[in-house]
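# Examining the three-dimensional arrangement
Below, each chain spelled out in residue letters.
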Amino acid sequence: MTTVIDKNALIQEVLDAYPDKAKKIRAKHLNVTEADASDCGVKSNKKSVPGVMTTRGCAYAGAKGVVWGPVKDMIHLSHGPVGCGYYSWSGRRNYYIGTTGIDTFGTMQFTSDFQERDIVFGGDKKLDKLIDELEVLFPLSQGITIESECPVGLIGDDIEAVSKKKAKETGKPVIPVRCEGFRGVSQSLGHHIANDTVRDWVMPKADEYRKLPDGFEPGPYDVNIIGDYNIGGDAWPSRRLLEAIGLRVICQFSGDGTFNEVVMTPLAKLNLIHCYRSMNYICRFMEEKYGIGWLEYNFFGPTQIAYSLRKIAAQFDETIQANAEKVIAEHEARMQAITAKYRPRLEGKEVMMMVGGLRPRHVIPAFTDLGMKVIGTGYEFGHGDDYKRTAEYVAEGTIIYDDVSGFEFEELAKKLKPDLIAAGIKEKYVFQKMALPFRQMHSWDYSGPYHGYEGFEVFARDMDLAINNPTWDLITAPWNS
Amino acid sequence: MTNNTNPQVPEQTTDPGKIQDHFDLFHTDTYQDLFEYKRQFEGAHSPEKIQEIAEWTKTWDYREKNFAREALTINPAKACQPLGSLFVASGFEGTLPYSHGSQGCVAYFRTHLTRNYKEPFQAVSSSMTEDAAVFGGLNNLKQGLQNAYELYKPKMIALCTTCMAEVIGDDIGAFIQTTKNEELIPADLPVPSAHTPSFVGSHITGYDNMLISILKTLTEGKKAESSNGKFNFNLGFDPYVGNIRELKRILGLFGIDYTILSDNSDTFDSPNTGEFKMYNGLTTLEEAGDSINAEGSFFFQKYTTPKTQEYIAKEWGQKTYNFRPFGIKGTDEFLMALSAITGKAIPLELQQERGRAVDALTDSQAWIHGKRIALYGDPDHVFGLTQFLLEMGAEPLHIVVTNSNPEFEAELREVLTNNPYGQGATIWGKKDLWHLRSLMFTEPVDLLIGNSYGKYLWRDTKTPLVRIGYPIFDRHHLHRYPTLGYQGAINQFNWIINTILEELDRNTIIPAKTDISFDLIR
């Protein structure tokens, strides 16, 4: 299975199992990269095919679970019935420092637990009362976001009016996030909606809400980390690197972030964005409104870390550039020792990936640093601009699958026989039953961090322990071999 | 405070074996300094203020305010209907669970079940979006059923609704019929369906609603003249695959012919053979269809299956029995009834097991006698556990059931009132785990029993936690053990007693201070 033609034939074979209409739709989402392509040649950000196992979530998941949820000192209310909040409770490993239930609320579930009467009579009164109760029980919270679930939008509640009223009464931000699950085709619209609430409900009052640190003066090296959710602590090694080259990180939005940091963002000189998909919107807004530039970076694996550090440093003066070189040089020996240890165990191993956000492209160079090869990749909820950005990372002959269905992914894996699959929890055990080594790349399989130099060490170890797990040799009973 | 503008020299060794991950990396000085430095931008409250409020949340004053809330729910111990619906459906042969509504829900259900069992869980949805919100979900359902049928070749599709479909009022019965009339799926494909909005009941309600629909669909026209000589058994929303296997072993020892209504023991614990099998539900459609002709039906979760039981009693004219084969007495009652109903003697092997279980309890009971316990979970789950605790001489103190109902509370209250160890117990129906936090601070207990979410209460109140229930995300393989029968009693007892002993060790570990009681033999 080496040529582009072979792989295109394989895609056709997989598609043949669908009814005609679904086949026609899905055909547009699968492709094989050709040499020098500037795009991956797939359609994206379209409705999933009904009845087919998609890995996608919904707008609520994108807004509450991703963008707002990790802002640690606010209360994020799942507004509607109990389920959505329950299932998204503590699921994403957004690490934070704080006293939960007192000044931070990251691993708690707050819900209005709609009952039938709330559907019939509307939930606005309940919401109003509930915010008073929150104020009594959690006086140190720095604000509230209201993530609306499907029924709230369908019954026509006016959560914006309630929010305005309660913000006035409590003197704290109360932010309505219209992220009902039926909006859009995936969690992606939820990211966008959440970004828009920052634009509309937070930024206009940023000066009023902001608490400046003692003696704070805006400086030439002030930057924000945008779109790092601190899964397994990712944002911390990233922050450490940026500070090591002499920048001052004044905000993490949103992993381990606070509301105050969010309102600090307009004071920075540059937005450094890791997950482009989920937070490019607010970066674009800040560029337009405040003239703050933004830059994407990739802190997976030493090659990209060095590249990104230089790219970031190039935005600043020679001191920063010299610092960047120094930091890169300081880590070189250690990185060589890591690759020297792990590369012989991983050389030539082939990987198929399917995740969300930025990972389907950003992780590829980290695999390459270990001598591994990504032969298939795709996004759960990517857009055209993600696939454009992916083109520079993938080699000719890489299979690209957008919103891949469980069926397609399984069939492709059966034929391509990769040495490792890197996707999410819903896929993990399917492939492990096929005796295919697997790592969860949403949650780092409860490991991490994977960002930064320390993160690469953990990444290298984890890929080794997945692929070279001796239990794979136990699957076939000796009497059957 | 870190001098932030100078490059930091990395704390690194060249030994590639020394890799620090999140468990230790962030405890290092470098990261502790980083956290301290970051704090200036956080706009945080002073440590004194945080401490003051933290102490206040432990008081009776806070408890009163906490219990006064009417609109807000915090950390509830309940999920929503479709989860139970998908769960029960997955125990039937070749059955694809299908959720009609927005796709986000099914992603959550699959994730939640997968995290508990560490097994694949396959289910699909109609992927409804704004257009369906306006025009209804008929087109989504037609296409969805056709695609699901052609792609996954199920023998049955068990369809439940989500909030969205319920609020817009989709007539799923009619939609399924239309799909069949248009020959998008075969007319004889069983497609049981259930209305399961998240704003009514909880996951146990969804379990009941789907079970009744599956049984109705599969047994239609199958009523025979005479009984098939079998008995039906249903375990309810029981997360322990070990329980179904243990029940089957017990029935095998008796020599009773049986049908398990929803046997998902392989769905949630299938062998790794190097090949992925999509469907592992063990109750065949034929068996389920013939369940209408059984001698009677046994249910182990009374409050999870009220409608199903009513249906079976009324429509099938079948006897239904409720038993809780948990702990010694619960198992005794079940076995005696089973023996009386079937006319078969209680097998010697089970009698010996009983003796061994009682022996184990007697050997260790002293360590649990008089211990004050907080527990929470589904009504039936809590019921079995409470009875078991009472027969060990433990004293349940706070019993929290978010998805409670008055009938359950009355029945449990009677059990507690009639038992010397149940005198101090209070039942907190419709309350959540944030209420429980207040209860545990104001009236402390020795032990907490519940699912993984209890670890936050363990951290805050320092009360040792025994993980029993659903979901359990942070401990592995517990679902493989039975908790029912005499074997199950030993397993639960083992978890409880050894947690108490662990705690004793932890409390007697400081050299020259507390370790006078750091005994080798306990």
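### What about the state of the cysteines?
All names here are of chain A.
- Scanning all chains against the criterion turns up zero disulfides over all chains.
- Note on C251: no disulfide assigned, nearest cysteine sulfur contributed by C283 at a separation of 10 Å.
- You can call C251 buried: its relative accessible area is 0%.
- With no disulfide of its own, C275 lies 10 Å from the sulfur of C283, the closest cysteine sulfur.

### Comments concerning the packing of helix 14 (residues 301-313) of chain A against helix 21 (residues 452-467) of chain A
Residues and elements named next belong to chain A.
- Where helix 14 contacts helix 21, the axes come no closer than 9 Å and their chain directions differ by 165°. In this view, helix 14 runs roughly antiparallel relative to helix 21, as classed from their interaxial angle. For the crossing formed where helix 14 meets helix 21, the hand is right-handed. When helix 14 is examined against helix 21, the residues G301, P302, I305, A306 and L309 are found in contact with a partner set consisting of G452, Y453 and F456.
- In terms of residue class, the contact of helix 14 with helix 21 is built from six nonpolar, two polar and no charged.

### Points about the sheet that holds strand 4 (residues 156-161) of chain B
All names here are of chain B.
- The sheet built from four strands is open, its strands ordered 3-2-4-5 with parallel pairing. In the strand order of this sheet, the two ends are held by strand 3 (124-125) and strand 5 (193-194), each with one partner.
- Of the pairings in the sheet, the one linking strand 2 (residues 95-100) to strand 3 comprises two bridges and is parallel in character. Within strand 3, the position partnered with Y98 by the bridge is V124.
- Contacts between helix 8 (residues 138-152) and the sheet are confined to strand 2, strand 3 and strand 4, with strand 2 contributing the most and set at about 160° to the helix.

### Details of the nonpolar core
- Ranked by size, the top nonpolar core spans 167 residues in total, and within it A:I312, A:F367, A:M441, A:F459 and B:L436 carry the most contacts.
- Beyond its immediate stretch of four places on either side in the chain, A:F459 contacts A:V363, A:A366, A:F367, A:L370, A:M441 and A:Y450.
- Residues B:F334, B:L350, B:A394 and B:I449 belong to the second largest nonpolar core, which totals 57 residues.

### Comments concerning the environment of B:S213
Residues and elements named next belong to chain B.
- Along the chain, the position of S213 falls in helix 11 (residues 203-219).
- Here S213 falls in the buried class, since its relative accessible area comes to 9%.
- Along the chain, S213 and T483 lie 270 residues apart, while their C-alpha atoms are 28 Å from each other.
- With sequence-adjacent residues up to four places away left out, S213 is seen in contact with P192 and S193.

### Section: the pairing of strand 10 (residues 372-376) of chain B
Residue and element names in this part refer to chain B.
- Most of strand 10 is tucked away, with four of its five residues classed as buried.
- Taken together, strand 10, helix 17 (residues 379-391) and strand 11 (residues 395-401) form a β-α-β motif whose crossover is right-handed.
- In the sheet, strand 10 pairs with strand 13 (residues 447-450) via three bridges, with the strands oriented parallel. Looking at strand 13, one finds that I373 is bridged to L447.

### Things to note about helix 1 (residues 4-15) of chain A
All names here are of chain A.
- Over its twelve residues, helix 1 extends 17 Å from the first C-alpha to the last, a length consistent with the 16 Å expected when each residue adds 1.5 Å.
- Within helix 1 the residues assigned to the buried category are V4, K7, L10, I11, V14 and L15. Taken around the axis of helix 1, the buried residues stretch over an arc of 135°, which confines them to a single face.
- Along its buried surface, helix 1 packs onto helix 2 (20-27), strand 1 (30-32), strand 12 (399-401) and helix 19 (406-416).

### Some remarks on the sheet that holds strand 12 of chain A
Residues and elements named next belong to chain A.
- Spatial ordering of the open sheet is given by 1-12-11-10-13-14, a layout of six strands whose pairing is mixed. If you trace the sheet from one side to the other, it starts and ends with strand 1 and strand 14 (438-440), each paired once. Taking each pair of neighbouring strands and ignoring which way they run, the sheet shows an average axis angle of 25°.

### Focus on helix 2 (residues 29-42) of chain B
- With 14 residues, helix 2 of chain B should reach 20 Å at 1.5 Å per residue; the first-to-last C-alpha distance of 20 Å fits that figure.
- B:T30, B:Y31, B:L34, B:F35, B:Y37, B:K38, B:F41 and B:E42 are the residues of helix 2 of chain B that are buried.
- Those residues of helix 2 of chain B that are buried are in contact with helix 11 (235-244), strand 7 (248-253), helix 12 (259-264) and helix 21 of chain A together with helix 1 (22-25) of chain B.
- Two residues or fewer past helix 2 of chain B, B:G43 is found with a positive phi of approximately 65°.

### Quick word on the packing of aromatic side chains
Residues and elements named next belong to chain B.
- Under the counting rule described, the total for this entry stands at 57 aromatic pairs over all chains.
- For the pair F87 and Y207, a centre-to-centre distance of 6.2 Å together with 45° between the ring planes defines the contact as tilted. Of this pair, F87 sits in helix 5 (residues 81-89) while Y207 sits in helix 11, and the two are 120 residues apart along the sequence.
- F87 sits in the buried class, given a relative accessible area of 1%.
- Ring centres of Y481 and W495 lie 6.0 Å apart, and the angle between their planes is 85°; this geometry places the pair in the edge-to-face category.

How each quantity is defined
- Residues numbered from 1 in each chain as written.
- Chains lettered and ligands numbered in written order.
- Predicted model: local features only at pLDDT ≥ 70, side-chain atom pairs only at ≥ 80, totals over all residues.
- Heavy atoms only, no water.
- Disulfide = S-S within 2.5 Å.
- Buried < 20%, exposed > 50% of the residue type's maximum accessible area, 1.4 Å probe, protein only.
- Axes fitted to C-alpha atoms, helices over the stretch in contact; angles between N-to-C directions.
- Helix = DSSP H or I, 4+ residues; strand = E, 2+ residues; numbered from the N terminus.
- Parallel < 35°, antiparallel > 145°, perpendicular 65-115°, else oblique.
- Left-handed = near helix turned anticlockwise from the far one by under 90°.
- Contact = heavy atoms within 4.5 Å.
- Nonpolar A, V, L, I, M, F, W, Y, C, P; charged D, E, K, R; others polar.
- Pairing = 2+ DSSP bridges.
- Core = buried A, V, L, I, M, F, W, Y, C linked by side-chain atoms within 4.5 Å.
- Right-handed = clockwise from strand over helix to strand, strands pointing away.
- Expected span 1.5 Å × (residues − 1).
- Arc of directions from axis to C-beta.
- Phe/Tyr/Trp six-rings, centres within 6.5 Å; stacked < 30°, edge-to-face > 60°.

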